[in-house]
There are 2 protein chains.
Amino acid sequence: MHDHQVCINHAMQMAKSVCKRNKQELTPLRQAVLKLIWNSHQPVTAYQILADLSKKRKMVAPPTVYRTLEFLEKNGLIHKIESLKAFIGCSHPDQNHGSVFLICRKCNYVQEELDMHGQSNIDKIVNKNIFLPQSYVIEVIGFCKSCH
Amino acid sequence: MHDHQVCINHAMQMAKSVCKRNKQELTPLRQAVLKLIWNSHQPVTAYQILADLSKKRKMVAPPTVYRTLEFLEKNGLIHKIESLKAFIGCSHPDQNHGSVFLICRKCNYVQEELDMHGQSNIDKIVNKNIFLPQSYVIEVIGFCKSCH
DNA sequence: TATTAACATGTTACATTATAACATAACATC
DNA sequence: GATGTTATGTTATAATGTAACATGTTAATA
Ligand SMILES: [Zn+2]
Ligand SMILES: [Zn+2]
Ligand SMILES: [Zn+2]
Ligand SMILES: [Zn+2]
């Protein structure tokens, strides 16, 4: 357990400054979606967001949600968990980083850990193959400390 | 370039022995799907398989394909590339292993590299968090040697 | 101040990916 | 030949994601 309000406040503050830095607008819609995502440390699907958002505002359609998610992801404010087709707030949007996601199958908590891709065993493989990496998907599925 | 017929033959041989070891049946349907997947080193979607298979045999429905894919995956004969929602033959179905997939955005070639999860930086993170890993999704998206 | 360009959001209609639930077949064992 | 098990077929629908075009909003710029 932790004071999650701190997480939310921090995330929203970060978002403001990141968007400012990137010269991008953090509109009310984008803020609302980001806040919904930060409701928990569990990943949420686009259609969960769609439902939640449609309660708060008038009915929204899928493109609205997907576009907003795209914006947030491009600006490093959220990540997509590919193995779950779901989205989660980025814990470190200010830093340029790769991430390792630890995904608990029982409680759904997702822990994002920084990983400076560059000298890991994965990068050894990348280099050995003369591969030019552009993005990484690194997800570990299992049970978190509390759940096993 | 390489003699891909060798890859196919090897894969089908391996499949036979793996299924025997696992006491599982490699039925004609399952063989057909595996062969279709091994048509190339590029990942194929379930619905591509559905289309191909429906040409070879009588029309098949999605559950037939998804069930077969599930069987093949459970027996370690194929892998799902999560970031592409597509499937690819496993190059090393006989060994118990983790994999790193190098996915070329231009030519779609997917290189599977073995990675004995256990002492990598990812596992350091796993251990630090007292996380009990069950499966890994490790995908690097970029450009292969030939394409950059 | 009208005009334009840009960006953001709304709307409609679909495409793609995946699964639930139930029915039948195929085969082995008793 | 009844029974259980595994594999496959069938129908229907759920869940995820996008293309294309319309409208609104704001801020230069003519
Ligand atoms: Zn929190
Ligand atoms: Zn947990
Ligand atoms: Zn080959
Ligand atoms: Zn390539």
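Residues numbered from 1 in each chain as written. Chains lettered and ligands numbered in written order. Predicted model: local features only at pLDDT ≥ 70, side-chain atom pairs only at ≥ 80, totals over all residues. Heavy atoms only, no water.

A. Examining the packing of aromatic side chains more closely. Residues and elements named next belong to chain B. Inspection of every chain in the model, using the stated rule, returns two aromatic pairs over all chains. Pairing Tyr47 with Tyr66 gives two aromatic rings, centres 6.3 Å apart and planes at 65°, and the pair type is edge-to-face. With Tyr47 in helix H3 (residues 46-56) and Tyr66 in helix H4 (residues 62-74), the pair connects residues that are 19 residues apart, well separated along the chain. A relative accessible area of 47% places Tyr47 in the partly exposed class. (Phe/Tyr/Trp six-rings, centres within 6.5 Å; stacked < 30°, edge-to-face > 60°. Helix = DSSP H or I, 4+ residues; strand = E, 2+ residues; numbered from the N terminus. Buried < 20%, exposed > 50% of the residue type's maximum accessible area, 1.4 Å probe, protein only.)

B. Structural context of the pattern of salt bridges. Residues and elements named next belong to chain A. Scanning the entire structure with this criterion turns up four salt bridges over all chains. For Glu70, the salt bridge goes to Lys74, with nearest N and O atoms at 3.6 Å. Here Lys74 and Glu70 lie together in helix H4 (residues 62-74), a separation of four residues that amounts to about one turn. (Salt bridge = Lys/Arg side-chain N within 4 Å of Asp/Glu carboxyl O.)

C. Region of the structure containing the coordination of the zinc ion (ligand 3). Residue and element names in this part refer to chain B. Only His2 (NE2), His4 (ND1), Cys7 (SG) and His41 (NE2) from the protein reach the zinc ion (ligand 3) as donors, at distances of 1.9 to 2.3 Å. Coordination at the zinc ion (ligand 3) is tetrahedral, judged from the four donor atoms that bind it and the angles of 105 to 116° they form at the metal. When the donor residues of the zinc ion (ligand 3) are listed from N- to C-terminus, their spacing reads H-x1-H-x2-C-x33-H. Linking His4 in helix H1 (residues 4-22) with His41 in the loop between helix H2 (28-37) and H3, this pair joins segments that are 37 residues apart in sequence. (Donors = N, O, S within 2.8 Å, 3.2 Å for Na, K, Ca; no water. Tetrahedral: all angles 85-135°; square planar, octahedral: opposite > 155°, others 65-115°.)

D. Focus on the protein's contact with DNA strand C. Lining the immediate surroundings of DNA strand C are 16 residues, of which A:Thr27, A:Arg67, B:Tyr47, B:Tyr66 and B:Lys80 lie closest. Note that a phosphate oxygen of DNA strand C is positioned 2.6 Å from one of the side-chain N or O atoms of A:Thr27. Here B:Lys80 contributes a side-chain N or O atom positioned 2.7 Å from a phosphate oxygen of DNA strand C. Within the residue set of the surface near DNA strand C, elements represented by two or more residues are helix H2 (28-37) and H4 of chain A together with H4 of chain B. Residue composition of the surface near DNA strand C, by class: seven nonpolar, three polar and six charged. (Near = heavy atom within 4 Å. Polar contact = N/O pair within 3.5 Å; in protein donor to acceptor, adjacent residues only side chain to side chain. Nonpolar A, V, L, I, M, F, W, Y, C, P; charged D, E, K, R; others polar.)

E. Representation of the coordination of the zinc ion (ligand 4) in the model. Residue and element names in this part refer to chain B. Every protein donor of the zinc ion (ligand 4) is accounted for by Cys104 (SG), Cys107 (SG), Cys144 (SG) and Cys147 (SG), and the metal-donor separations fall at 2.2 to 2.4 Å. Taken together, the four donor atoms coordinating the zinc ion (ligand 4) span angles of 104 to 114° at the metal, a pattern that classifies the geometry as tetrahedral. If you list the donors of the zinc ion (ligand 4) from N- to C-terminus, the spacing comes out as C-x2-C-x36-C-x2-C. Here the residue Cys104 occupies a position in strand S3 (residues 98-104), and Cys147 occupies one in the segment after strand S5 (132-143), the gap between them amounting to 43 residues. Judged by its relative accessible area of 0%, Cys104 is buried.

F. Local environment of the relation of the copies chain B and chain A. The two copies are related by a screw motion: chain B maps onto chain A through a turn of 180° and a shift of 0.0 Å along the axis, at an RMSD of 0.0 Å. The transformation just described matches what one would write down for a two-fold rotation axis. Taking C-alpha positions as reference, the residue of chain B nearest the rotation axis is B:Ile138, located at 2.3 Å. Of all interface residues in chain B, 100% are interface residues in chain A too; the two copies therefore contact each other through one and the same surface. (Least-squares fit on C-alpha atoms with pLDDT ≥ 70 in both. Contact = heavy atoms within 4.5 Å.)

G. Local environment of the packing of helix H3 (residues 46-56) of chain A against H4(A). Residues and elements named next belong to chain A. Taken N-terminus to C-terminus, the directions of H3 and H4 make an angle of 115°; their axes are 9 Å apart at the nearest point. With respect to the hand of their crossing, H3 and H4 are arranged in right-handed fashion. Each of Ala46, Tyr47, Ile49 and Leu50 in H3 lies in contact with H4, whose residues at this interface are Pro62, Val65, Tyr66 and Leu69. Within the contact of H3 with H4, the residues separate by chemical class into eight nonpolar, no polar and no charged. (Axes fitted to C-alpha atoms, helices over the stretch in contact; angles between N-to-C directions. Left-handed = near helix turned anticlockwise from the far one by under 90°.)

H. Structural context of the protein's contact with DNA strand D. Surrounding DNA strand D, one finds 17 residues, the nearest of these being A:Tyr47, A:Lys80, B:Thr27, B:Arg30 and B:Arg67. The sugar and phosphate moieties of DNA strand D supply 45% of its atoms located within 4 Å of the protein. Interatomic distance of 2.7 Å between a side-chain N/O atom of A:Tyr47 and a base nitrogen of DNA strand D. Separating a phosphate oxygen of DNA strand D from a side-chain N or O atom of B:Arg30 is a distance of 3.0 Å.

I. How the structure looks around the interface of chain B and chain A. Listed by partner, the interface residues are 37 residues for chain B and 37 residues for chain A. Across the chain B to chain A interface the summed buried area is about 3200 Å²; carbon plus sulfur atoms make up 61%. Counting across the interface, chain B meets chain A through two salt bridges. With its nearest N and O atoms 2.8 Å apart, the salt bridge here joins A:Glu113 to B:Lys128. (Buried area = accessible area lost by both parts, 1.4 Å probe.)

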